[in-house]
Amino acid sequence: MKTSLKIFLLAVAMAAMPACSAQKRAERHVRKAVALCPELVQVKAHPIDTVLTAPGYADCTLVPMGEVLKGKTVFAATNHGTVVVGPIQADSTLRVGFIAAPQKVRYQDTISYSQVAVVTDPKAGHRAEAVWRSIGFTLLGVVIGFVALIVIALKSKIVD
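Residues numbered from 1 in each chain as written. Predicted model: local features only at pLDDT ≥ 70, side-chain atom pairs only at ≥ 80, totals over all residues. Heavy atoms only, no water.

With reference to specific residues and values, describe a positive patch on the surface.
Together, Arg25, Arg28, Arg31 and Lys32 make up a region of like positive charge exposed at the surface. Looking at the element boundaries, arginine 28 is found in helix H2 (residues 22–36). Taking the relative accessible area as the measure of exposure, arginine 28 reaches 44% and is therefore partly exposed. (Patch = residues over 30% accessible without salt bridge, like charges linked within 9 Å, V, L, I, M, F, W, Y side chains within 5 Å. Areas by Shrake-Rupley, 256 points an atom, 1.4 Å probe, with all protein chains shown as cover. Salt bridge = Lys/Arg side-chain N within 4 Å of Asp/Glu carboxyl O. Lys, Arg positive; Asp, Glu negative; His and termini not counted. Charge placed at Lys NZ, Arg CZ, Asp CG, Glu CD. Helix = DSSP H or I, 4+ residues; strand = E, 2+ residues; numbered from the N terminus. Buried < 20%, exposed > 50% of the residue type's maximum accessible area, 1.4 Å probe, protein only.)

Give a description of the sheet that holds strand E3 (residues 81–88) that names residues and reports values.
Sheet strands pair via backbone hydrogen bonds, and the direction of the pair is either parallel or antiparallel. Read from one edge of the open sheet, three strands run E2-E3-E4, paired in antiparallel fashion. With one partner strand each, in any of the chains shown, strand E2 (74–77) and strand E4 (93–100) form the two edges of the open sheet. Looking at each pair of strands side by side, their axes are set apart by 15° on average, direction ignored. Bridge analysis of E2 against E3 gives four bridges, and the strand direction is antiparallel. Residue pairing across strands places valine 74 opposite valine 85, the latter belonging to E3. (Pairing = 2+ DSSP bridges. Axes fitted to C-alpha atoms, helices over the stretch in contact; angles between N-to-C directions.)

Account for the environment of glutamate 67, naming residues and giving values.
Relative to the assigned elements, glutamate 67 resides in helix H3 (residues 65–69). Classification of glutamate 67 as partly exposed rests on a relative accessible area of 31%. Placed 18 residues apart in sequence, glutamate 67 and valine 85 show a C-alpha to C-alpha distance of 9.7 Å. Ignoring sequence-local partners within four residues, the contact set of glutamate 67 consists of Lys72 and Val74. (Contact = heavy atoms within 4.5 Å.)

Tell me what's going on with the environment of lysine 72, and back it up with residues and numbers.
As for its placement among the helices and strands, lysine 72 is situated in the loop between H3 and E2. Given the relative accessible area of 48%, lysine 72 is considered partly exposed. Placed 16 residues apart in sequence, lysine 72 and isoleucine 88 show a C-alpha to C-alpha distance of 9.8 Å. With residues near it in sequence (within four places) discarded, lysine 72 still touches Glu67, Val85, Gly86 and Pro87.

Run through the pattern of salt bridges, naming residues and quoting values.
Any two side chains of opposite charge can pair, on the condition that their charged atoms come close. Going through the model one piece at a time under the given rule, you end up with one salt bridge. Note that lysine 72 and glutamate 67 form a salt bridge whose closest N and O atoms lie 3.8 Å from each other.

Which residues make up a nonpolar patch on the surface, and what are the values?
The grouping of Leu5, Phe8, Leu9 and Val12 at the surface amounts to a nonpolar patch, some 400 Å² of accessible area in total. Relative to the helices and strands, valine 12 is located in helix H1 (residues 2–16).

Would you mind going over the side chain of threonine 78 in detail, with residue names and values included?
Following the sequence through the fold, threonine 78 ends up in the loop between E2 and E3. Not counting chain neighbours up to four residues away, the residues in contact with threonine 78 comprise Asp59, Cys60, Thr61, Val83 and Phe98.

Have a look at this one:
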């Protein structure tokens, strides 16, 4: 009988152990506090507005040589920038350049989340300390009382 009782109590303890997660307990307490006092929950929004600048691309285009041979600088626009072609009169060379246009990527989003705002009372810590101190003194008094009773019982002689 005693063995089966011990096994039963051990099985109950083992079954109850996974249910005692500190995080689950804390979440349950927060849900209960919010249910009792909904004004504790504040909905916060954090906006995200980011602009990233990516480097431009290399590109090519067709440039009419007739304008270049006349000594003019020709600008030809492409999807990713501008090609510049022009002669250098001093040493009769051809200058070719590419001016890349920066590509801007913009990401905008807002993250909304609920936050429980707890107003802390500076006196709350002192109250908790006072409660634990009174419990400690009560237990100390009970222990001293039992020790005194045991000492008295051992010192007294029982006469039949």
